[in-house]
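Observations on chain architecture
If you want the building blocks of each chain, they are given just below.
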Amino acid sequence: MKIGFGLGIVCQVANFYCHILLRNLRGPGGKGGYQIPSGFLFNIVTCANYTTEIYQWLGFNISTQTVAGYTFLAVATFIMTNWALAKHRRLKKLFDGKDGRPKYPRRWVILPPFL
């Protein structure tokens, strides 16, 4: 139970930091186009924010061990995996290295440990 709670807390803090990094990609007033996220887990994972959120819910479910919680985890993981795949495709298409655009770097994984 304590391990799950600890995992959940660590991943929640990591998720918060991922969102700070994503927020800092936007210009003043929330304007600006897509940019390639980098730093922290974004150097190895395309969707670090989804990864940390999934693991946070896993930690929560290790602590609580409820059927409803594990059902939520399964559904949320399925949804975030679809979002991660779509985001990865979109970023690769947008940052193709042509016409002066930067090339999207090869990430180790899209969403560990699944893809």
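Residues numbered from 1 in each chain as written. Predicted model: local features only at pLDDT ≥ 70, side-chain atom pairs only at ≥ 80, totals over all residues. Heavy atoms only, no water.

1. Quick notes on the pattern of salt bridges
Counted by the stated rule, this structure contains 2 salt bridges. D96 is the partner of R101 in a salt bridge, and the nearest nitrogen-oxygen pair spans 2.9 Å. A salt bridge links D99 to R101; the nearest nitrogen and oxygen atoms lie 4.0 Å apart. Residue classification places R101 among the partly exposed residues on the basis of a relative accessible area of 34%. Overlapping salt bridges, with partners in common, bring together D96, D99 and R101 in one network. (Salt bridge = Lys/Arg side-chain N within 4 Å of Asp/Glu carboxyl O. Buried < 20%, exposed > 50% of the residue type's maximum accessible area, 1.4 Å probe, protein only.)

2. Brief notes about the side chain of T51
Positionally, T51 belongs in helix α2 (residues 48–64). Reaching out from T51, the side chain makes a polar contact with the backbone oxygen of C47 at a distance of 3.0 Å. The residues contacting T51, other than those within four sequence positions of it, are V45, L111 and P112. (Helix = DSSP H or I, 4+ residues; strand = E, 2+ residues; numbered from the N terminus. Polar contact = N/O pair within 3.5 Å; in protein donor to acceptor, adjacent residues only side chain to side chain. Contact = heavy atoms within 4.5 Å.)

3. Points about the nonpolar core
With 9 residues, the main nonpolar core is built from C47, Y50, I54, L73, A76, M80, A84, I110 and L111. Every element with two or more residues in this core is listed here: α2 and α3 (67–94). Broken down by element, the residue count for this core peaks at 4 residues, all from α3. With 6 residues, the next largest nonpolar core counts C18, L21, F42 and A48 among its residues. (Core = buried A, V, L, I, M, F, W, Y, C linked by side-chain atoms within 4.5 Å.)

4. Re unusual backbone geometry
Phi is positive for F40, which is not a glycine, with a value near 50°. Tracing the sequence through the fold places F40 in the loop between α1 (2–23) and α2. The exposure class assigned to F40 is partly exposed, which follows from its relative accessible area of 41%. Positive phi outside glycine occurs at Q65, with the angle close to 50°.

5. Description of the confidence of the model for the protein chain
Close reading of the predicted structure is inappropriate where its pLDDT is low. When the pLDDT values of the protein chain are averaged, the result is 88; 93% of them are 70 or greater. Summarising per-element confidence for the protein chain, the mean pLDDT is lowest in α3 (92) and highest in α2 (94). (pLDDT = per-residue confidence, 0-100.)

6. Description of the packing of aromatic side chains
All told, the structure shown has 4 aromatic pairs when counted by the stated rule. Pairing Y17 with F40 gives two aromatic rings, centres 5.0 Å apart and planes at 85°, and the pair type is edge-to-face. Within this pair, whereas Y17 is found in helix α1, its partner F40 is found in the loop between α1 and α2, the two being separated by 23 residues in sequence. A centroid spacing of 5.8 Å and a plane angle of 45° characterise the contact between Y50 and W83, whose relative ring orientation is tilted. One end of the pair, Y50, is in helix α2; the other, W83, is in helix α3, with 33 residues separating them in the sequence. What makes W83 partly exposed here is its relative accessible area of 48%. Counting every residue linked through ring pairs, the aromatic cluster contains W57, F60 and F72. The side chain of K87 reaches across the aromatic face of Y50, ending 5.9 Å from its centre. (Phe/Tyr/Trp six-rings, centres within 6.5 Å; stacked < 30°, edge-to-face > 60°. Lys NZ or Arg CZ within 6 Å of the ring centre and 35° of its normal.)

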